[in-house]
Amino acid sequence: MPTSLGKYFVSCIALLCAGVLPVHGQDLLQVWQLAQERDPIYAASRAGRNADQEFVNQAKARLLPFVTAGAVAETEDVRRARTLGDRSSSRRAEWALTLTQPLVDIGAWDQLKRSEYIAGAADIAQARAYQDLILRVSQAYFDVLAAQDTLRVLQAQKEAVQTQLDAATRGYELGGTTIADAYEAQSRLDLLKASELQAQNQLQLSQDQLARIIHERPGTLAELANDTPLPAPEPNRLDAWVLQSSASSLAVAQAALQAKIVEKQIDIAKGEHYPRLYLEAQTGTASDRGLAGKDSGPRSLDSSVGLRVTIPIFSGGEISSVVREQTSRLQQARYELENAKREAVQSTQRHFSGVTSGLAQVQALRAAEKSSLSSLQANQTGYEVGVRINIDVLNAQQQLYETQRSLARARYDTLMSSLRLKASTGILTENDIMAVNRLLTTPAGKAKAS
């Protein structure tokens, strides 16, 4: 019986762990699909876009007929103030049903056009939120991979330094080296242990950031193999990307629509000076008969159809002030549009340079990794034959592993620059996520575990 109970508890613990810990590997495309469903920032943007679309319906409603109904029922009781006598009373009841159709309302038409601009700006804001989500997901994903790489490199370096420490300790015990060699190796090992703890914490933070977007702990992530070639920009010409940015940058398009919105706001303000014409049709009845009882009886039904015009004469200068205000805001919007254009060009130039220089840096770091490995091997051989000292081997190890960390970070930064380059020109889509995802592979030895 105790054995069965123990197996039961083990099974329960296993099920609980299975519900908390990720059991399947994930690639960038899968993480992106989860982010679309669960990221609160993107969901808030989508809700805001849907809200702004309603401005169009609200503006259209001001051009359509509207119907109002009203009714009054009252009793009047009159008495003398001195004696409260000589009482007289009267009763009145009326109702009316009124239909109003705007015929000429220039301001309402301007409101409709402005609402269409607002809806268009909301669509662009949603598109920018979509691209921002791609960038945030990709950055968080690569930050996890970079943290994993850093931790693995530090662990490998720690093992290498531990081996060197053991060799220095044996050499000292045999009288071939001084105790300084062991002290140097021990100090490096202690520093690496501290760096390892920091790297573990950074990995945890990176995973937390990704989990915040997809609302679950990430599983084993597909990685970028060391020998995977990174794609160059297509086309590989800066002027082509700058031209593309000028034509389709979402930031520029949104700023242009904001300027049009303010322009329409000026027209709306000026429209307050214009007359408005309405068609009104009304039917109803008025009677001084009682509402019920012996005095109640049939009432006449009065109907009318006519035109009503309103002409603003003077509003205390408010309309002129609003026009001046919106004129200044239009100047502000146009300056912001010019700034958006310049920022789009600068951003495109920066990210294009990030891709091209990143590719060159990756190539240089690959060569540095190869030469650092050769240097380490030569120093280890020299240490074994007595022509190199312990510090030479430790320095060669540090140089190799720092180069490997820099290489891994440079590859992720280059991929992010390529995504940001497309975002700056307004053409970043899910296809780019899929293209990057094809560069990733499941880590060896982890596919079965996942």
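Looking up the protein chain in an unreviewed UniProt entry gives the name TolC family outer membrane protein, with the organism given as Parapusillimonas granuli. Among the UniProt annotations of the protein chain, the heading Sequence similarities (unreviewed entry) holds the following wording: "Belongs to the outer membrane factor (OMF) (TC 1.B.17) family."

**As for a nonpolar patch on the surface**
Together, Leu-103, Val-104, Ile-106, Tyr-274, Leu-279, Val-305 and Leu-307 give the surface a local cluster of nonpolar side chains, amounting to about 630 Å² of exposed area. The topology assignment puts Val-104 in strand E2 (residues 88-104). Residue Val-104 is classed as partly exposed on the basis of its relative accessible area of 39%.

**Let's talk about the packing of helix H7 (residues 250-271) against helix H8 (residues 318-385)**
Contact pair H7 / H8: the axes reach a minimum separation of 8 Å and the direction vectors enclose 170 degrees. Relative to H8, the element H7 lies roughly antiparallel.

**A word on the UniProt feature "coiled-coil region" (unreviewed entry) in the protein chain**
Under the UniProt annotation, the feature "coiled-coil region" (unreviewed entry) is placed at residues 144-171 and 323-350. Note that residues 144-171 is 100% helix and 0% strand, and that its end C-alpha atoms are spaced 40 Å apart. The span residues 323-350 shows a helical share of 100% and a strand share of 0%, and its end C-alpha atoms are spaced 40 Å apart.

**Quick notes on the packing of aromatic side chains**
Any pair of aromatic rings gets described here by the distance separating the centres and the angle formed by the planes. Under the counting rule described, the total for this entry stands at 4 aromatic pairs. Seen from their ring centres, Tyr-42 and Tyr-130 are 6.4 Å apart, and the 55 degrees between their planes marks the pair as tilted. With Tyr-42 in helix H3 (residues 40-61) and Tyr-130 in helix H4 (residues 106-174), this residue pair connects regions lying 88 residues apart in the sequence. Judged by its relative accessible area of 21%, Tyr-130 falls in the partly exposed class. The interplanar angle of 85 degrees and the centroid separation of 6.0 Å between the aromatic rings of Tyr-141 and Phe-142 together place this pair among those described as edge-to-face.

**Topic: the pattern of salt bridges**
Under the definition given, this model contains 22 salt bridges. Here Arg-329 ties to Glu-325 by a salt bridge, and the two come within 3.0 Å at their closest N and O atoms. Taken as a pair, Arg-329 and Glu-325 lie in helix H8 at a separation of 4 residues, close to a single helical turn. Look at Glu-325 and you get partly exposed, because its relative accessible area is 33%. A single salt-bridge network, built from bridges that share partners, covers Asp-39, Asp-132 and Arg-136.

Cut-off values and rules
Residues numbered from 1 in each chain as written. Predicted model: local features only at pLDDT ≥ 70, side-chain atom pairs only at ≥ 80, totals over all residues. Heavy atoms only, no water. UniProt positions renumbered as here; feature names shortened; annotations may be inferred. Patch = residues over 30% accessible without salt bridge, like charges linked within 9 Å, V, L, I, M, F, W, Y side chains within 5 Å. Areas by Shrake-Rupley, 256 points an atom, 1.4 Å probe, with all protein chains shown as cover. Salt bridge = Lys/Arg side-chain N within 4 Å of Asp/Glu carboxyl O. Helix = DSSP H or I, 4+ residues; strand = E, 2+ residues; numbered from the N terminus. Buried < 20%, exposed > 50% of the residue type's maximum accessible area, 1.4 Å probe, protein only. Axes fitted to C-alpha atoms, helices over the stretch in contact; angles between N-to-C directions. Parallel < 35°, antiparallel > 145°, perpendicular 65-115°, else oblique. Phe/Tyr/Trp six-rings, centres within 6.5 Å; stacked < 30°, edge-to-face > 60°.

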